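# Survey of secondary and tertiary structure
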Amino acid sequence: MIAYEETDRNYYTSELDPKYVDVIVKRYIAHVGSDSDVYLIREGERYDYHQVVAESARSEVLR
């Protein structure tokens, strides 16, 4: 992801293991310095990164 950012290219990926996704996204955000352009597309709906994090936190509280 970072290599694509450095060369100004679009990047699409999928990962099945949430642990790997968390690491990839956190490293990317640390590299670019902001989560403002980070989003998830699920079933055709776009969710900003902060929405996904907030929903995940709410889910953890309910468990």
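Before any of the text, the structure's been laid out above.
Residues numbered from 1 in each chain as written. Predicted model: local features only at pLDDT ≥ 70, side-chain atom pairs only at ≥ 80, totals over all residues. Heavy atoms only, no water.

### Here's the deal with the pattern of salt bridges
Short version of the rule: Definition used for salt bridges: Asp or Glu carboxyl oxygen within 4 Å of a side-chain nitrogen of Lys or Arg. By the criteria applied, helices consist of DSSP H or I runs no shorter than four residues and strands consist of E runs no shorter than two, each listed in order from the N terminus. The classification of residues rests on relative accessible area computed with a 1.4 Å probe and restricted to protein chains. Under 20% of the type maximum is buried, over 50% is exposed, and intermediate values are partly exposed.
Within the structure shown, the criterion is met by 2 salt bridges. Linking Asp-48 and Arg-46 is a salt bridge whose minimum nitrogen-to-oxygen distance equals 4.0 Å. Linking Glu-55 and Arg-58 is a salt bridge whose minimum nitrogen-to-oxygen distance equals 2.8 Å. Of this pair, Glu-55 and Arg-58 both sit in helix α3 (residues 49–62), 3 residues apart, roughly one helical turn. For Glu-55, a relative accessible area of 41% puts it in the partly exposed group. Looking at Arg-58, the relative accessible area reads 47%, which means it is partly exposed.

### As for the pairing of strand β2 (residues 45–48)
Using the following cut-off: When DSSP locates at least two bridges between a pair of strands, those strands are taken to pair.
In this sheet, β2 lies alongside strand β1 (residues 39–42) in antiparallel orientation, the contact comprising 4 bridges. When the bridges of β2 are listed, Ile-41 appears paired with Arg-46. Where β1 folds back onto β2 in an antiparallel hairpin, the turn is made up of 2 residues, including Glu-43, whose phi is positive at roughly 50°.

### Structural notes on the layout of surface pockets
Note the threshold: The pocket and cavity definitions rest on a 1 Å grid over protein atoms only: a 1.4 Å probe that fits but cannot leave marks a cavity, an open set with protein on both sides within 12 Å along at least five of seven lines marks a pocket, and residues lining either have an atom within 4 Å of a point. Grid points are joined across faces, edges and corners, and a volume is the space filled by probe spheres set on the points. Any residue outside Ala, Val, Leu, Ile, Met, Phe, Trp, Tyr, Cys, Pro, Asp, Glu, Lys and Arg is labelled polar, Gly included; the first ten of those are nonpolar and the last four are charged.
Quantified by volume, the largest pocket comes out at close to 1,600 Å³. Considering the residues around the largest pocket, the lining is formed by 40 residues, among which Val-21, Val-25, Val-38, Tyr-39 and Leu-40 are closest to the centre. With 9 residues, α3 is the largest single contributor of residues to the lining of the largest pocket. A class-by-class count of the residues in the lining of the largest pocket yields 19 nonpolar, 8 polar and 13 charged.

### Topic: the packing of aromatic side chains
In plain terms, the rule: Under the pairing criterion, centres of Phe, Tyr and Trp rings, with the six-membered ring standing for Trp, must be within 6.5 Å; the plane angle then separates stacked pairs below 30 degrees from edge-to-face pairs above 60, leaving the rest tilted. Our definition puts a charge over a ring when NZ of Lys or CZ of Arg is within 6 Å of the ring centre and also within 35 degrees of the ring normal.
Applying the stated rule across the entire model yields 1 aromatic pair. Between the aromatic rings of Tyr-4 and Tyr-11, the centroid separation amounts to 5.1 Å while the plane-to-plane angle is 50°, which identifies the pairing as tilted. Given the relative accessible area of 34%, Tyr-11 is considered partly exposed. Against the face of Tyr-39 rests Arg-46, its NZ or CZ located 3.6 Å from the ring centre.

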